[in-house]
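Listed here are the chains, written in short residue letters.
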Amino acid sequence: MTSSQTDCHYCLQSLRGKKYTLREENAYCVTCYDSLFANSCEECKQPIECDSKDLAYKGRHWHERCFKCAKCSRSLVEKPFAAKDEVLLCTECYSDEYSSKCFHCQKTIMPGSRKMEFKGSSWHESCFVCQHCRQPLGTKPLITKDNENYCVPCFEKQFAHHCYSCKKVITSGGVTYHDQPWHKECFVCAGCKTQLCGQRFVSKDEQPYCVDCFSKWYAKKCSACKKPITALGGAKFISFEERQWHGECFNCAKCSVSLVGQGFLTQQDDVLCHECGSA
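Residues numbered from 1 in each chain as written. Predicted model: local features only at pLDDT ≥ 70, side-chain atom pairs only at ≥ 80, totals over all residues. Heavy atoms only, no water.

The protein chain has the name Four and a half LIM domains protein 5 in an unreviewed UniProt entry, where Baryphthengus martii is given as its organism. The heading Function (unreviewed entry) in the UniProt record of the protein chain holds the text "May be involved in the regulation of spermatogenesis. Stimulates CREM transcriptional activity in a phosphorylation-independent manner." Within the UniProt record for the protein chain, the comment given under Subunit (unreviewed entry) is "Interacts with CREM (via the third LIM domain). Interacts (via second LIM domain) with SPAG8." (UniProt positions renumbered as here; feature names shortened; annotations may be inferred.)

Structure (structure tokens):
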């Protein structure tokens, strides 16, 4: 000890033959050092003396004997632990109180282990696997069916339908037409290629057509108004000797009375009611 260290830097009492502690190159007797610099223990609120082991965690300090689980009181010295609302717990107590249960195996997901979360449930990383190939899903794209998770290749192999038009996999949605699956974007008019999903359409030779294309190419023409007869929406039409009429167009050529459900006479290309035809 040099001559400048023969006395306590604070109380100036001689340190000869006494225990002392150095701080920033200044010597302090034990009493002064504990009074001035010792941290207060979080558990017992007493100073942590210079000859005691000071255990620190996130700016807080404990005596070695006070560093223990707040629930079961077992020592946490050199053991894994967890903190909840600034309370220290051993891993067992923390798991019992706060840890999630794995959706697959129903066992506790221990603090510090990797946890996978999906649709509000938690899994061990080793339990979060494809139901078919059993490979870990991690953060890969997945598809759920009947509460089971599948990687995309396995789902497509096991369950997915293939579009009747493009032959590619339909992963969601789709349209069924003539018992065949289609992508919505592939279900188009065979004529103008307009998408038909959600639209009215007409079938011809197992091909779907929009109303305009069907009317233009295939629909019979009304003998009266010359417009197509599509029979959509339950519309009625009348057929006679290879001629057709809209229900509302099947009228007497002279007096215009409706002939639907009535007897009528023909005169060249005209249809007439009995009165007009007999006149």
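Asker: Would you take a moment to explain the environment of R134 for this structure?
Answerer: Tracing the sequence through the fold places R134 in the loop between β8 (121-124) and β9 (142-145). Judged by relative accessible area, which is 41%, R134 ranks as partly exposed. Separated by 77 residues in sequence, R134 and Y57 have C-alpha atoms that sit 41 Å apart. If sequence neighbours within four positions are ignored, R134 has contacts with H104 and V129. Within polar-contact distance, the side chain of R134 engages the side chain of Q131 at 3.4 Å. (Helix = DSSP H or I, 4+ residues; strand = E, 2+ residues; numbered from the N terminus. Buried < 20%, exposed > 50% of the residue type's maximum accessible area, 1.4 Å probe, protein only. Contact = heavy atoms within 4.5 Å. Polar contact = N/O pair within 3.5 Å; in protein donor to acceptor, adjacent residues only side chain to side chain.)

Asker: I'm lost on the UniProt feature "domain: LIM zinc-binding" (unreviewed entry) in the protein chain in this one. Help?
Answerer: Mapped onto the present numbering, the UniProt feature "domain: LIM zinc-binding" (unreviewed entry) falls on residues 39-99, 100-161 and 220-279. Overall, residues 39-99 shows 13% helix and 26% strand. The separation of its end C-alpha atoms is 32 Å.

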